[in-house]
Amino acid sequence: MDRIPVELGTIQETLLITLAGRARESVKRKPILVDPKAADIMAALDNPSKKLTRGAGPDPSVLRTAIVDTWVREFLAAHPDGTVVEIGTGLNARFDRVDNGHVHWLDLDLPDTIALRRHFFTDTERRRMLVASVLDDSWYDTVSAQPGPYCFVAEGVLVYLPEADVRRALDNLAARFPHATVILDYYSPGMLRFQNRAADKGAMDARWAWTGGEPESFAAQGLRVTDARSITDPPPALRSTLPRSYRLALPVLHRVLPKGFGLAKFHTDRAR
Ligand SMILES: C[S@@+](CC[C@H](N)C(=O)[O-])C[C@H]1O[C@@H](n2cnc3c(N)ncnc32)[C@H](O)[C@@H]1O
């Protein structure tokens, strides 16, 4: 079979980092998540950037993804027929990991990413890809046409985009979709410096534009925090399933890095 070329913009190609992390994790003896497609996609890509895919040691982005999977499963337990919108989906197969047989799902990303994604994923009645930017509202009507309630997930996406544009987009989203769940990642200023220093040294071309914002600061955009936690403090439903090495190491790491690498879950409030 011909390999599939990777022709992506600078931010878009960062999807290879998380894809490669999930592929490596999935073949471990005791993985913290199994991505049913990541290894096959990696094998099918034509010479994907080594600096983005090589990775070494435990990958924090895999733990982040496992926490988001847990939160999305919790949303689906409460709202089995709702709709999940995966913003900046990349080549993530979250639908395949959490599908309950009822959920409706939209995988949203920029044109070049969706073009690549279409080599590996197909639209079905309950799952569709959507070409759009999170920063505009062209896709809101497509979401509204799906059954609510809604869960919007943006994992590893918003830090690359200008803060003012992201806040404007979240403000519009909260106004259009009251009573929705929103899941975002955020980082400490130290982690932002660390990340961009690594990029300066050649780890990647894309730069983070900001930390992703303190969760409480999004109250101004109509987002009320319902859970916010470091990835070193995973939700109980996930913690009990983690390999022993994680269960031993995470409390120690949590004392050192309590605010380095966080995830927040919000409810969009009508009352602002
Ligand atoms: C680090 S990757 C994360 C991909 C995926 N969420 C994951 O965890 O594997 C960043 C993703 O954000 C997407 N992206 C960048 N700018 C975007 C925008 N303005 N609107 C929607 N998606 C965007 C990229 O194409 C890429 O898929």
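For clarity, every value in this text was computed on a predicted model and none was experimentally measured.

1. Brief notes about the site of the ligand
So, step 1. Near the ligand you find 21 residues, and of these Thr18, Gly88, Asp109, Thr113 and Glu155 are the closest.
So, step 2. At a separation of 2.8 Å, a nitrogen atom of the ligand approaches a polar backbone atom of Gly88.
So, step 3. No other element matches the 3 residues that helix α1 (residues 15-26) contributes to the shell around the ligand.
So, step 4. When the residues that make up the shell around the ligand are grouped by side-chain class, the tally is 8 nonpolar, 10 polar and 3 charged.

2. Section: the side chain of Glu155
So, step 1. Turning to its location among the elements, Glu155 is positioned in the loop between β6 (150-154) and α8 (163-176).
So, step 2. Relative accessible area serves as the criterion here: at 11%, Glu155 is assigned to the buried category.
So, step 3. In terms of polar contacts, Glu155 uses its side chain to reach the side chain of Arg94, at 2.7 Å.
So, step 4. Not counting residues within four places of it along the chain, the set of residues in contact with Glu155 comprises Ser61, Arg64, Thr65, Val68, Ile87, Asn92, Arg94 and Asp185.

3. Focus: the side chain of Arg167
So, step 1. By the element assignment, Arg167 lies in helix α8.
So, step 2. In this structure Arg167 comes out as buried when scored by relative accessible area, which is 16%.
So, step 3. Not counting residues up to four positions away in its chain, the partners in contact with Arg167 are Trp210, Gly213, Ser217, Phe218 and Gln221.

4. Quick look at α1
So, step 1. Taking 1.5 Å per residue as the helical rise, α1 with its 12 residues ought to reach 16 Å, and the 17 Å between its terminal C-alpha atoms agrees with that figure.
So, step 2. Every buried residue of α1 is accounted for by Leu15, Leu16, Thr18, Leu19, Ala20, Gly21, Arg22, Ala23, Glu25 and Ser26.

5. Examining unusual backbone geometry
So, step 1. Cis geometry is found at the peptide bond from Gly148 to Pro149, where omega equals -10°.
So, step 2. Among the structural elements, Pro149 can be located in the loop between α7 (140-144) and β6.
So, step 3. Residues other than glycine seldom take positive phi values, yet Asn47 does so here, at roughly 55°.
So, step 4. Here Asn47 shows up in the loop between β2 (45-46) and α3 (50-53).

6. Considering the pattern of salt bridges
So, step 1. Counted by the stated rule, this structure contains 25 salt bridges.
So, step 2. A salt bridge links Asp59 to Arg24; its shortest N-O distance comes to 3.5 Å. One end of the pair, Asp59, is in the loop between α3 and α4 (60-78); the other, Arg24, is in helix α1, with 35 residues separating them in the sequence.
So, step 3. Linked by salt bridges that have partners in common, Arg22, Asp35, Arg64, Asp69, Glu86, Arg94, Arg97, Glu155 and Asp185 make up one network.

7. Some details on a positive patch on the surface
So, step 1. Together, Arg29, Lys30, Arg244 and Arg247 make up a positively charged patch on the protein surface.
So, step 2. Looking at where Arg244 falls in the secondary structure, it is placed in helix α11 (residues 244-256).
So, step 3. Using a relative accessible area of 58% as the deciding quantity, one classes Arg244 as exposed.

Conventions adopted
- Residues numbered from 1 in each chain as written.
- Predicted model: local features only at pLDDT ≥ 70, side-chain atom pairs only at ≥ 80, totals over all residues.
- Heavy atoms only, no water.
- Near = heavy atom within 4 Å.
- Polar contact = N/O pair within 3.5 Å; in protein donor to acceptor, adjacent residues only side chain to side chain.
- Helix = DSSP H or I, 4+ residues; strand = E, 2+ residues; numbered from the N terminus.
- Nonpolar A, V, L, I, M, F, W, Y, C, P; charged D, E, K, R; others polar.
- Buried < 20%, exposed > 50% of the residue type's maximum accessible area, 1.4 Å probe, protein only.
- Contact = heavy atoms within 4.5 Å.
- Expected span 1.5 Å × (residues − 1).
- Salt bridge = Lys/Arg side-chain N within 4 Å of Asp/Glu carboxyl O.
- Patch = residues over 30% accessible without salt bridge, like charges linked within 9 Å, V, L, I, M, F, W, Y side chains within 5 Å.
- Areas by Shrake-Rupley, 256 points an atom, 1.4 Å probe, with all protein chains shown as cover.
- Lys, Arg positive; Asp, Glu negative; His and termini not counted.
- Charge placed at Lys NZ, Arg CZ, Asp CG, Glu CD.

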